[in-house]
Amino acid sequence: MRAFKHPTLQDLTLERVLYALSDPVRLEIVRCLAAVPEATCGELDGGRPKSSMSHHFRVLRDAGLVHSRSVGTTHMNSLRSDELESRFPGLLASILAQQ
C-alpha cells in the first residue's frame with residue numbers, strides 16, 4: 001500500500017483550505033474529526049460510496065486539513081488542528097463554531 005502525501009506546513013494555502021471546507025460533506029468530515037483523535041474512513045462515510053469518499057479525503061489531505069495513515073488495510077484519519085492553528089490562527093476554531 002502506498003504512503004499518503006501530505007503538504008508541509010509552509011505549503012498550506014488559505015485558498016485550498018477554504019475550498020476544501022466549502023463542500024458540506026468535507027466540512028462534516030472535519031467536524032467529526034475535530035471531536036475525536038482519529039477515525040477510519042468507514043466511520044466517516046455516512047453511507048456514501050467509497051469512490052466519493054476517497055475523493056473527499058484526497059481533497060482534505062491535499063489542502064492540509066487531514067492526516068491519513070494506513071494500519072493494515074484500514075486508513076486512519078486525524079485532523080491537523082495544531083498545524084492549522086500554527087499556520088492560520090483561529091481559522092479552524094471559527095469555522096467549527098459555525099453551525
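- As annotated in an unreviewed UniProt entry, the protein chain carries the name Helix-turn-helix domain-containing protein and comes from Pseudomonas quebecensis.

**Some words on the pattern of salt bridges**
Now for step 1: Summed over the entire model, instances satisfying the criterion amount to three salt bridges.
Now for step 2: Between Arg58 and Asp62 there is a salt bridge whose closest N-O contact spans 3.3 Å. Pair noted here: Arg58 and Asp62 are both in helix 4 (residues 50-63), with a separation of four residues, about one helical turn.
Now for step 3: For the salt bridge of Glu83 with Arg80, the shortest nitrogen-to-oxygen distance reads 3.9 Å.
Now for step 4: Of the residues examined, Glu83 reaches a relative accessible area of 32% and is grouped as partly exposed.
Now for step 5: Arg80 sits in the buried class, given a relative accessible area of 8%.

**As for helix 4**
Now for step 1: The end-to-end C-alpha distance of helix 4, which contains 14 residues, comes to 20 Å, matching closely the 20 Å that a straight helix rising 1.5 Å per residue would cover.
Now for step 2: Those residues of helix 4 lying buried are Met53, His56, Phe57, Val59, Leu60, Arg61 and Ala63.
Now for step 3: Looking at the residues trailing helix 4, positive phi occurs at Gly64, about 90°.

Reading the values: the criteria
Residues numbered from 1 in each chain as written. Predicted model: local features only at pLDDT ≥ 70, side-chain atom pairs only at ≥ 80, totals over all residues. Heavy atoms only, no water. Salt bridge = Lys/Arg side-chain N within 4 Å of Asp/Glu carboxyl O. Helix = DSSP H or I, 4+ residues; strand = E, 2+ residues; numbered from the N terminus. Buried < 20%, exposed > 50% of the residue type's maximum accessible area, 1.4 Å probe, protein only. Expected span 1.5 Å × (residues − 1).

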